[in-house]
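Examining the three-dimensional arrangement
Here are the chains, one letter per residue:
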Amino acid sequence: LHQTIALSSHLTESDRGPFSLATQVPIRRIELRLGKFSLPDFFDINSIGSDSHLQFMNWTVDNNGAWDYAADTRGYTYGALAEYDDHAVSARYAIAAMPTVANGINLDWDLRRASGQNIEVEWRHSLLGSLVAPQRKGTLRLLAFVNHANMGLYRDANKAFLDGMDPTPDITLHRKLSSVKYGFGLNFEQELTPNLRAFGRFGWNEGQHESFVYTEVDQTIEFGGDYSLRNGLPGLRSLHRTQDKIGVTFVSNAIKRDHQDYRARCWRGGRRCDGHLNYAREDILETYYNLHAWRGLYYALDAQYITHPG
């Protein structure tokens, strides 16, 4: 269900898409949504680094890796979302159902016991300054999330193993209802020239509770950009590749000490078992060339180079 409440009689152009068919919307409005959806379709969106169909493909490039957003194993949840939009500012809040177990398919319907709450503020203004480049579009987004779920602490599982209570570290034996995990994110994009754009993300979560929904990242930082060939490349304009695009980005991910200790001791209840490794940051370099073939048909070359994966 999607309801728009107009707060202004002035309209602005809107792109039609899978979530709204309107070609015009009020400049000032409140939008309410209720039902089944995926939180990354409304939060942490970045026009340079969110669409895995036509842009980058790595999980921690398309989304903030440290954002453990509410979802079932397929990435969807049921919830309610409220958004306020004005000329240069938007603010959105959502409460959504969490799974009953980590990365599980079944959702906990008792929102007083388990829920994911998300709030984001978006400011649309040139980040280069009004005097330097007022005509260059820029956006800054600040995100915060708090999850309540049946989660365990890495430290409790480590201690139980060292004290001889558990034969192997097993965080599933130490889960507690309504445990709290929280984190923050920052997301920006900036047009530098008519063809060149830059973007970046920073994400952090407290890292003490288990990675419950998304992926094994407690802290992430990312920078990159894309270049559109809409005006052609200098010296190669005769190729007429006006709908092609090139992108490149670098992202670095990390996990906290308790998380490292738990994984190093070979554990159950997660996706990986490392053994005794010397930990370093996971560094990823990704690039793509997106080539327009015919009408709505594109194909792409994508390359990723990863050091210290996982």
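First, a word on scope: everything that follows refers to the structure included in this document. Starting from 1, residues in each chain are numbered consecutively following that chain's sequence as written. Only residues with pLDDT of at least 70 get local features here, since the model is predicted, and only at 80 or more are side-chain atom pairs given and counted; chain-wide, interface and lining totals rely on the full set of residues. Side-chain numbers come from the whole structure's heavy atoms, not from hydrogens or water.

This part is about the packing of helix α2 (residues 154-162) against helix α3 (residues 257-264). With axes taken as lines fitted to C-alpha atoms, and helix axes fitted only over the stretch in contact, angles between N-to-C directions fall between 0 and 180 degrees. In this text, helices come from DSSP runs of H or I with a minimum length of four residues, and strands from runs of E with a minimum of two, each type numbered from the N-terminal end. Put simply, α2 and α3 touch, their axes get as near as 9 Å, and they point 45° apart. Considering their axes alone, α2 and α3 lie oblique with respect to each other. Between α2 and α3 lies a crossing of left-handed hand. Two secondary-structure elements touch here, α2 through Tyr154, Arg155, Ala157 and Asn158 and α3 through Asp258, His259, Asp261 and Tyr262. Ten residue types, Ala, Val, Leu, Ile, Met, Phe, Trp, Tyr, Cys and Pro, are classed as nonpolar, four, Asp, Glu, Lys and Arg, as charged, and the remainder, Gly among them, as polar. Its residues assigned to classes, the contact of α2 with α3 shows three nonpolar, two polar and three charged. Roughly parallel here means an angle under 35 degrees, roughly antiparallel means over 145, roughly perpendicular means 65 to 115, and every remaining angle is called oblique. Note: crossing handedness is left-handed where the near helix turns anticlockwise from the far helix by less than a right angle, and right-handed where it turns clockwise. Any two residues having at least one pair of non-hydrogen atoms within 4.5 Å are treated as being in contact.

Looking now at the sheet that holds strand β1 (residues 2-6). Here a strand pair is declared whenever DSSP counts at least two bridges between the two strands. Strand order in the open sheet formed by twelve strands is β1-β4-β5-β6-β7-β8-β9-β10-β11-β12-β13-β14, with antiparallel pairing between adjacent strands. The sheet is open, and its two borders are formed by β1 and β14 (297-307), each paired with just one other strand. Going from strand to strand, the sheet's axes swing by 10° on average, the running direction of each strand aside. Relative to strand β12 (residues 245-254), strand β11 (residues 219-228) is paired through ten bridges, and the arrangement is antiparallel.

The next point concerns the pattern of salt bridges. Here a salt bridge means any side-chain nitrogen of Lys or Arg lying within 4 Å of a carboxyl oxygen belonging to Asp or Glu. All chains considered together, the criterion is met by 21 salt bridges. With a shortest N-O distance of 3.3 Å, glutamate 31 and arginine 33 are connected by a salt bridge. Buried residues are those whose accessible area, probed at 1.4 Å on protein chains only, stays under 20% of the maximum for their type, while exposed residues exceed 50% and partly exposed ones sit between those limits. On the basis of relative accessibility, which here comes to 7%, the residue glutamate 31 falls in the buried class. Take arginine 33: its relative accessible area is 12%, and that puts it in the buried class. Close ionic contact of aspartate 163 with lysine 159 constitutes a salt bridge, the shortest N to O distance being 2.8 Å. By sharing partners, the salt bridges in this structure join Glu83, Arg92, Glu120, Glu122, Arg124, Arg141 and Glu189 into a single network.

Along the chain, the position of serine 38 falls in the loop between β4 (29-37) and α1 (59-62). At a separation of 3.0 Å, a polar atom in the side chain of serine 38 contacts the main-chain carbonyl oxygen of glycine 75. Excluding residues within four positions of it along the chain, serine 38 makes contact with Gly75 and Tyr76. Identification of polar contacts relies on pairs of N or O atoms within 3.5 Å, with a donor-acceptor requirement for protein atoms, meaning one able to donate a hydrogen and the other able to accept it, and with residues adjacent in sequence counted only if both atoms are side-chain atoms.

In strand β6 (residues 89-96), alternate side chains face the same way, and those of Ser90, Arg92, Ala94 and Ala96 are buried while those of Val89, Ala91, Tyr93 and Ile95 on the opposite face are not. In terms of strand pairing, strand β5 (residues 77-85) meets β6 through seven bridges, oriented antiparallel. If you follow tyrosine 84 over to β6, its bridge partner there is alanine 91. Turn length for the β5-β6 hairpin, with the two strands adjacent in sequence and antiparallel, is three residues. Here eight bridges tie β6 to strand β7 (residues 115-124), and the two strands are oriented antiparallel to one another. The partner of isoleucine 95 across the bridge, within β7, is glutamine 117.

General note: in soluble globular proteins, nonpolar side chains tend to be found buried as a group. In this description, a nonpolar core means a group of buried Ala, Val, Leu, Ile, Met, Phe, Trp, Tyr and Cys residues linked to one another through side-chain atoms lying within 4.5 Å. Formed by 21 residues in total, the largest nonpolar core has its most connected members in Leu39, Phe43, Trp67, Tyr69, Leu81, Met98 and Phe212. Contributions of two or more residues to this core are made by β6 and β8 (138-152). The dominant element in this core, judged by the number of residues it contributes, is β8, at four residues. For leucine 39, the residues in contact, after removing those within four places along its chain, are Trp67, Tyr69, Ala70, Ala94, Ala96 and Asn118.

In summary, the pairing rule links any two rings of Phe, Tyr or Trp, Trp by its six-membered ring, whose centres are within 6.5 Å, and it sorts them by plane angle into stacked for under 30 degrees, edge-to-face for over 60 and tilted for everything else. This structure, assessed with the given rule, holds 14 aromatic pairs. The interplanar angle of 70° and the centroid separation of 6.4 Å between the aromatic rings of tyrosine 182 and phenylalanine 184 together place this pair among those described as edge-to-face. In this structure tyrosine 182 comes out as partly exposed when scored by relative accessible area, which is 36%. An aromatic cluster of at least three residues, connected via ring pairs, comprises Phe43, Trp59, Trp67, Tyr69 and Tyr214.

Honestly, that's just the spatial picture; any functional story needs more than this.
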